[in-house]
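# Tertiary structure, described
If you want the building blocks of each chain, they are given just below.
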Amino acid sequence: MTLEQRISEAAQRLREATVQYAPAAFSSSFGAEDMVVHDLIARESLAVEIFTLDTGRLHDETLALVHRARLHYGIPVRVLYPDAADLDAFVTRHGPNAFYDSVALRKQCCGLRKLEPLSRALAGKGLWITGLRRSQSVTREELDVLSHDAARGLAKLNPIVDWTAEDVQAYLRRFDVPVNPLHARGFPSIGCAPCTRAVAPHEHERAGRWWWEQPESRECGLHVNSEGRLVRAAEATTVREAT
Ligand code: SF4
């Protein structure tokens with residue numbers, strides 16, 4: 001499939017789903033894939049609320065990109081922060097870097113800094129748009145284009161789920177999309193600063209995320225179901241293929 005066809009298909013998925021399942025929200029970490037979706041939403045002038053989760057542990061480069069994207073596209077970005085009292089209690093009890101101590105504490109940290117704010121952002125929404133791709137990791141290889149997120153009671157659209165990393169880079173170059181400078185320093189996937197490292201050329205693109213854990217646990221929980229498992233195509237109730 002050519003890049004033109006990929007773009008046309010993704011734009012159609014976005015147009016159709018944002019009408020059918022309005023109101024729509026797009027969760028962006030301002031990584032490369034999310035900047036493709038951000039650019040598509042702007043290019044198509046879609047009625048989508050763009051939001052990001054400021055965990056308090058992001059790189060300065062990521063925060064700078066949030067600001068740069070606001071100026072570039074002229075579209076507001078809603079920024080959500082963790083609940084201050086809950087975070088105070090967690091850090092007081094377990095320390096500021098508890099995520100290195102165990103998978104359980106790492107998931108608690110992601111829960112406080114990401115999942116709870118995500119729930120607030122998605123409250124009342126009918127569609128959740130993401131920039132997930134299947135080839136990003138073993139935990140994402142069975143994701144569908146469109147599914148029903150039963151836990152949150154909304155439709156979930158992954159409009160570039162079938163794109164390759166090369167498709168993403170070609171799109172970013174073609175439309176001169178603003179990107180995080182950390183990508184050029186060996187960070188293909190960018191999360192919180194203490195939980196992300198640069199990867200070597202031969203390593204998988206998400207090898208730098210929670211690198212001290214086994215690959216199967218390396219998700220922050222944003223995209224898992226109510227039983228704590230990643231929502232896979234076979235498990236999800238397919239709402240409708242948007243293509
Ligand atoms: S990625 Fe790390 S610092 Fe960020 S919320 Fe998860 S455990 Fe906490």
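Residues numbered from 1 in each chain as written. Predicted model: local features only at pLDDT ≥ 70, side-chain atom pairs only at ≥ 80, totals over all residues.

### Points about the nonpolar core
Our working definition: Put simply, a nonpolar core is buried Ala, Val, Leu, Ile, Met, Phe, Trp, Tyr and Cys residues tied into one set by C-beta atoms within 7 Å. Counts of 20 or more other C-beta atoms within 10 Å of a residue's own C-beta define buried residues, counts of 12 or fewer define exposed ones, and intermediate counts define partly exposed ones; C-beta atoms are placed from the backbone. Remark: residues whose backbone-derived C-beta atoms lie within 7 Å of one another are considered to be in contact.
Judged by nonpolar contacts, the single largest core of 41 residues is most densely connected at Ala-25, Val-36, Ile-41, Val-48, Leu-127 and Ile-129. Apart from the residues lying within four places of it in its own chain, the contact partners of Ile-129 are Ala-24, Ala-25, Phe-26, Val-37, Val-48, Leu-157 and Pro-159. Of all hydrophobic cores here, the second largest spans 8 residues; its members include Cys-110, Cys-195, Trp-210 and Cys-220.

### What to know about helix α5 (residues 103–122)
Heads up, the condition is: Note that bend, as reported per residue, equals the angle between axes fitted to the 7 residues terminating at that residue and the 7 residues originating from it. For helices the rule is a DSSP run of H or I covering at least 4 residues; for strands it is a run of E covering at least 2, with both sets numbered from the N terminus onward.
At Gly-111, α5 shows its largest kink, close to 45°. For α5, the elements touching its buried residues are β1 (24–27), β2 (48–53), β3 (77–80), β4 (127–129) and β6 (154–157). Gly-124 occupies a position one or two residues after α5 and carries a positive phi of about 85°.

### What about the confidence of the model for the protein?
The cut-off we apply is this: Per-residue confidence from the predictor is reported as pLDDT, which spans 0 to 100.
In this model, the protein carries a mean pLDDT of 89, and residues with pLDDT of at least 70 account for 89%. Between residues 226–243, whose pLDDT stays under 50, and residues either more than four places distant or in other chains, the model counts 45 contacts.

### Details of helix α6 (residues 165–174)
Rule in force here: To obtain the arc, one takes the directions from the helix axis to the C-beta atoms.
Here α6 has its buried residues at Asp-167, Val-168 and Tyr-171. Down the axis of α6, the buried side of the element spans an arc of 100°, and every buried residue falls inside it. The exposed set on the far side of α6, more than 90 degrees from its buried face, consists of Glu-166 and Arg-173. Residues of α6 that are buried make contact with α1 (3–20) and α2 (32–43).

### Concerning the environment of Arg-197
Tracing the chain through its elements places Arg-197 in the segment after α6. Judged by local crowding, Arg-197 falls into the partly exposed class, with 14 C-beta atoms found within 10 Å.

### Quick look at the site of the ligand
Note the threshold: Proximity of a residue to a molecule or strand is defined by its backbone-placed C-beta atom lying within 6 Å of that partner. Residue classes follow a fixed rule: Ala, Val, Leu, Ile, Met, Phe, Trp, Tyr, Cys and Pro count as nonpolar, while Asp, Glu, Lys and Arg count as charged, and any other residue, Gly among them, counts as polar.
Around the ligand, a shell composed of 13 residues is seen, among which Phe-99, Cys-109, Cys-110, Cys-192 and Cys-195 lie nearest. Residue composition of the shell around the ligand, grouped by class: 7 nonpolar, 2 polar and 4 charged.

### Brief notes about the packing of helix α4 (residues 84–94) against α5
Going by this rule: To obtain each axis, a line is fitted to C-alpha atoms, and for helices this fit is confined to the stretch in contact; angles are then taken between N-to-C directions over 0 to 180 degrees. Put simply, angles under 35 degrees are roughly parallel, angles over 145 are roughly antiparallel, angles from 65 to 115 are roughly perpendicular, and the rest are oblique. Here is the rule for handedness: rotate from the far helix to the near one, and if that takes an anticlockwise turn smaller than a right angle the crossing is left-handed, while a clockwise turn gives right-handed.
Relative orientation of the contacting elements α4 and α5 amounts to 160°, with a least axis distance of 10 Å. With respect to α5, the element α4 is oriented roughly antiparallel. Judged by the sense of rotation from one axis to the other, the crossing of α4 with α5 is left-handed. Contacts from Asp-86, Leu-87, Phe-90 and His-94 of α4 reach α5 at Leu-105, Gln-108 and Leu-112. Of the residues contributing to the contact of α4 with α5, the split by class is 4 nonpolar, 2 polar and 1 charged.

### A short note on the sheet that holds β4
Convention followed: When DSSP locates at least two bridges between a pair of strands, those strands are taken to pair.
The strand order β3-β2-β1-β4-β6-β5 describes an open sheet built from 6 strands, whose pairing is mixed. Strand pairing shows two members of the sheet lacking a second neighbour, β3 and β5 (146–149), which therefore form its edges. Strand-to-strand twist of the sheet, defined as the mean angle between neighbouring strand axes without regard to direction, takes the value 30°. Sheet topology places β2 next to β3; 4 bridges connect them, and they run parallel. The residue of β3 that forms the bridge with Leu-53 is Leu-80. Sheet contacts for α1: β1, β2, β4, β5 and β6; angle to β6, the most-contacted strand, approximately 170°. Packed on one face of the sheet, α2 meets β1, β2 and β4 and runs near 155° to β2.

### Observations concerning the environment of Val-37
By secondary structure assignment, the location of Val-37 is in helix α2. Here Val-37 falls in the buried class, since 25 other C-beta atoms lie within 10 Å of it. For the pair Val-37 and Thr-130, spaced 93 residues apart in sequence, the C-alpha to C-alpha distance is 7.8 Å. Residues within four places of Val-37 in sequence aside, it is in contact with Phe-26, Ile-129, Gly-131, Pro-159 and Ile-160.

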